[in-house]
Amino acid sequence: MKTICLVSDRIRWDEKALIHAASDNGVKLKLIDPKTVFLSVSGDLSRLKDSFSEIVINRCVSYFRGLHITAILEKAELKVINPFYVSLICGNKVFTNLALISAKVPVPKTLVAFTKEGVLKALDEMGFPAVIKPVVGSWGRLIALIKDRDSAQAIIESREQIHNALLQIYYIQEYVERPPRDIRVLVIGDEAVAASYRYSPKDDWRTNVARGGISKPCRLTDELEDLALQAAEAVGGGVLAVDCMESPRGILVHEVNSTVEFRGLCSATGIDIPGKIIQYAVRMMKR
Ligand SMILES: Nc1ncnc2c1ncn2[C@@H]1O[C@H](COP(=O)(O)OP(=O)(O)O)[C@@H](O)[C@H]1O
Ligand SMILES: [Mg+2]
């Protein structure tokens, strides 16, 4: 029986679905909770091959934890879904934008600043409303819609008080005039597998399912498919959720997620996404 390792620091609906899908596909899934182990990074790393497996699906919720584990496993010559560079890029919104624009994927207008003075200048250039986001983060956390200069000052001052180096990298984006939804396209390898709309809940402008956003089916048009594949390739490819918004000037990609939550996509489309992820991991084994 083939064995695939699932590294997970939290068993969510998605991880449970992967466990079932592995068993449906005749694969033994070996679960490793990184909270309970340590890894040697001196000497011979090849022993890691015994404790893990040739293919590892790394689904750590913690970006930095996941990244460090992938770095170590790849040095031990294991194949990780997703690879280190893909996770590194997708976990950081500036790095993602840079990869996307190099591949000519349309993105919202975005400015980056490094101090309060710089960010206020950036906001004057951008105009209001504008969106401020942490460069590393998910579930819409600490993302704010800034309506005017006074609220900008208040938000930036509070952020300065949180002594966190990453929160001092200010990511400012135009507020995209979109319908009250965004679009998530799941890409697995070279296939765009499914798409869903995510509608914002009544009390929030953000559409994250973690904030109560509702997933509805979305037709995977040729345009969406091409854009999602182009975006996925731009960041290095793998199992990726390409999130985009319908702007007056066409579809813009605002994020590519490397640790994909696919519950909403499954319920909206009925597609066996966990099964497809397991089958992709098995195909990787043969390469
Ligand atoms: N520039 C924007 N204009 C309008 N809405 C946005 C913009 N950026 C993000 N949003 C909304 O906020 C949500 C979270 O933003 P996102 O960039 O995906 O960050 P996160 O990594 O926290 O999910 C998006 O799904 C979207 O609904
Ligand atoms: Mg998002």
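Residues numbered from 1 in each chain as written. Chains lettered and ligands numbered in written order. Predicted model: local features only at pLDDT ≥ 70, side-chain atom pairs only at ≥ 80, totals over all residues.

A. Just the pairing of strand β1 (residues 2-7), in detail. Examined bridge by bridge, β1 and strand β2 (residues 27-32) share six bridges and lie parallel to one another. Paired with Lys-2 across the two strands is Val-27, which belongs to β2. The handedness of the β1 to β2 crossover, carried by helix α1 (residues 13-24), is right-handed. Two strands pair when backbone bridges link them, and β1 and strand β3 (residues 55-58) are joined in this way by three bridges, in the parallel orientation. Residue pairing in the sheet places Val-7 in a bridge with Asn-58 of β3. (Pairing = 2+ DSSP bridges. Helix = DSSP H or I, 4+ residues; strand = E, 2+ residues; numbered from the N terminus. Right-handed = clockwise from strand over helix to strand, strands pointing away.)

B. Representation of the domain arrangement of the chain in the model. Partitioning the chain into structural domains gives domain 1 (2-88), domain 2 (110-174) and domain 3 (177-279). Averaged C-alpha coordinates put domain 1 and domain 2 at centres separated by 34 Å. (Domains from an automatic or database assignment.)

C. Seen up close, the site of ligand 1. Near ligand 1 there are 21 residues, and of these Gln-173, Val-176, Arg-206, Thr-207 and Glu-255 occur at the shortest range. Only β6 (130-133), β8 (170-174) and β13 (250-257) provide two or more residues apiece to the shell around ligand 1. Of the residues that constitute the shell around ligand 1, the class distribution is six nonpolar, seven polar and eight charged. Three or more residues apiece are contributed to the shell around ligand 1 by two domains, here domain 2 (110-174) and domain 3 (177-279). (Near = placed C-beta within 6 Å. Nonpolar A, V, L, I, M, F, W, Y, C, P; charged D, E, K, R; others polar.)

D. Quick peek at the sheet that holds β3. An order of β2-β1-β3-β4 is seen for the four strands of this open sheet, with the pairing classed as parallel. Strand pairing shows two members of the sheet lacking a second neighbour, β2 and β4 (79-81), which therefore form its edges. Ignoring strand direction, the axes of neighbouring strands in this sheet form an average angle of 30°. Of the strands in this sheet, β1, β3 and β4 are in contact with helix α3 (residues 63-75), which crosses β3 at around 170°. Each of β1, β2, β3 and β4 touches helix α10 (residues 273-286); the most contacted strand, β3, lies at about 145° to it. (Axes fitted to C-alpha atoms, helices over the stretch in contact; angles between N-to-C directions. Contact = placed C-beta atoms within 7 Å.)

E. Here's a closer look at unusual backbone geometry. Here the bond from Ile-81 into Asn-82 is cis, since omega is 0°, no more than 30 degrees from zero. The topology assignment puts Asn-82 in the loop between β4 and α4 (84-90). For the peptide bond that leads from Phe-128 to Pro-129, omega is 0°, which places it in the cis range. Inspection of the secondary structure assignment puts Pro-129 in the loop between α6 (116-126) and β6. Positive phi values are uncommon outside glycine, yet Lys-104 reaches one of about 60°. Within the fold, Lys-104 resides in the loop between α5 (93-102) and β5 (110-113). Overall, the presence of 8 C-beta atoms within 10 Å leaves Lys-104 in the exposed class. In this structure, Leu-142 takes a positive phi of about 65° despite not being glycine. Secondary-structure assignment places Leu-142 in the loop between β6 and β7 (144-146). Looking at Leu-142, the number of C-beta atoms within 10 Å reads 14, which means it is partly exposed. (Buried ≥ 20, exposed ≤ 12 C-beta atoms within 10 Å, placed from the backbone.)

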